[in-house]
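Now for the letters of each chain:
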Amino acid sequence: MRDLKLPDQRHPEKAHRPDNAQPKKPKWIRVKAPVGKGYMETRKIMRDHKLVTVCEEAGCPNVGECWNQGHATMMIMGEVCTRACTFCNIATGKPPEDLDPFEPGRVADVVQKLGLNHVVVTSVDRDDVKDGGAEHFAQTIRAIRHRSPGTTIEILTPDFINCDPAVLELVVEAKPDVFNHNLETVPGLYPEVRPGARYFHSLRLLQRVREMDPSIFTKSGIMVGLGETRQQVHQVMDDMRAAQIDFLTIGQYLQPTPKHHTLDRFVTPEEFAAYEKAAKGKGFLMVSATPLTRSSYHAGDDFARLREARERALAAAS
């Protein structure tokens, strides 16, 4: 049995890589250690229902703040990912188990117990499953709708690159409120940062969601500090807007271990503010660009603003 707490067993494909230095974090990126009653209560609920969260598995710096408020991003389909992205801290390899048919019900039960107004559900990549887990996502959405009909649902999906293109319809027909799929970085860095994915496939995936159901908000995010240029980031913004993506998130890449992709630099808050201003000028309904921005950070509040922004845009166009 693998011990996923040990780095060389958690990321066996990275064990042979040379160590990359991890520079000291600047003051604007430091956060307090996760503590507090709300944090412990959320943690207990997750453990009691045997659920995995991306908050813990990916080492999110905002876990203390979010869990203290009872907000956690559920990660379905296990804790081992079949991809080996060089930036990611989620365990990699061949998943030891099949998909759990009872998991959608457990997720829905936790959403109800936490009383969530908005929930984010993500997953590992499961290239070993024929539909990539599309039906599992759909079942999870339906289970949450049944138990908590007033909760809005945001999903953060894999790219389904090895599946029949029709599997995307399974997810869209379940009608999540927000469909998120992260591009993660600029296309020139894909071979070294996201080798199992393809930039234009991911972009087209989001465009297809918009074509299938224009009522679903689309969302995507990238990290900066991986070695990209400002010009490349602006090109990604233009590509996203051409695909009619509504919501853009930009956050600082933080190197999980010395074996992961080298941190090129810490992007300053002023640069993030400039990216946000540029993105808003390009027509995104919502933009979140700060050093600590992550895909599901403040997702509930952001969704409310996203819906208001669409209503304003529709009113202005009429």
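So, how was this worked out
Residues numbered from 1 in each chain as written. Predicted model: local features only at pLDDT ≥ 70, side-chain atom pairs only at ≥ 80, totals over all residues. Heavy atoms only, no water. Axes fitted to C-alpha atoms, helices over the stretch in contact; angles between N-to-C directions. Helix = DSSP H or I, 4+ residues; strand = E, 2+ residues; numbered from the N terminus. Left-handed = near helix turned anticlockwise from the far one by under 90°. Contact = heavy atoms within 4.5 Å. Nonpolar A, V, L, I, M, F, W, Y, C, P; charged D, E, K, R; others polar. 1 Å grid on protein atoms, 1.4 Å probe; cavity = no way out; pocket = protein on both sides within 12 Å on 5 of 7 lines; lining within 4 Å. Points joined across faces, edges and corners; volume = space filled by probe spheres on them. Buried < 20%, exposed > 50% of the residue type's maximum accessible area, 1.4 Å probe, protein only. Pairing = 2+ DSSP bridges. Right-handed = clockwise from strand over helix to strand, strands pointing away.

With their axes 11 Å apart at the nearest point, helix H10 (residues 230-242) and helix H11 (residues 269-281) run at an angle of 30° to one another. Note on packing geometry: the crossing formed by H10 with H11 is right-handed. Only Glu271, Tyr275, Ala278 and Ala279 of H11 make contact with H10, whose side of the interface consists of Arg230, Val233, His234 and Met237. Tallied by class, residues from the contact of H10 with H11 come to five nonpolar, one polar and two charged.

Here the focus is empty space enclosed by the protein. Rolling a probe over the atoms, with the probe sized like a water molecule, indicates the empty space that remains. For the structure on display, the rule yields one cavity of 30 Å³ or more. Roughly 40 Å³ of volume is contained in the largest cavity. As for the largest cavity, its lining consists of Arg83, Asp125, Arg126, Asp127, Gly132, Pro158, Asp159, Phe160, Ile161 and Cys163. Partitioning the lining of the largest cavity into residue classes produces four nonpolar, one polar and five charged.

Burial of strand S6 (residues 152-156) is extensive: five of the five residues sit out of reach of the surface. Along S6, one buried face is formed by Thr152, Glu154 and Leu156 and the opposite face, lined by Ile153 and Ile155, is buried too. Pairing between strand S5 (residues 118-123) and S6: five bridges, direction parallel. Paired with valine 119 across the bridge in S6 is isoleucine 153. By the bridge criterion, three bridges tie S6 to strand S7 (residues 178-180) in an arrangement that is parallel. Counted as the bridge partner of isoleucine 155 is phenylalanine 179 from S7. This β-α-β element, S6 to helix H7 (residues 167-173) to S7, shows right-handed connectivity.

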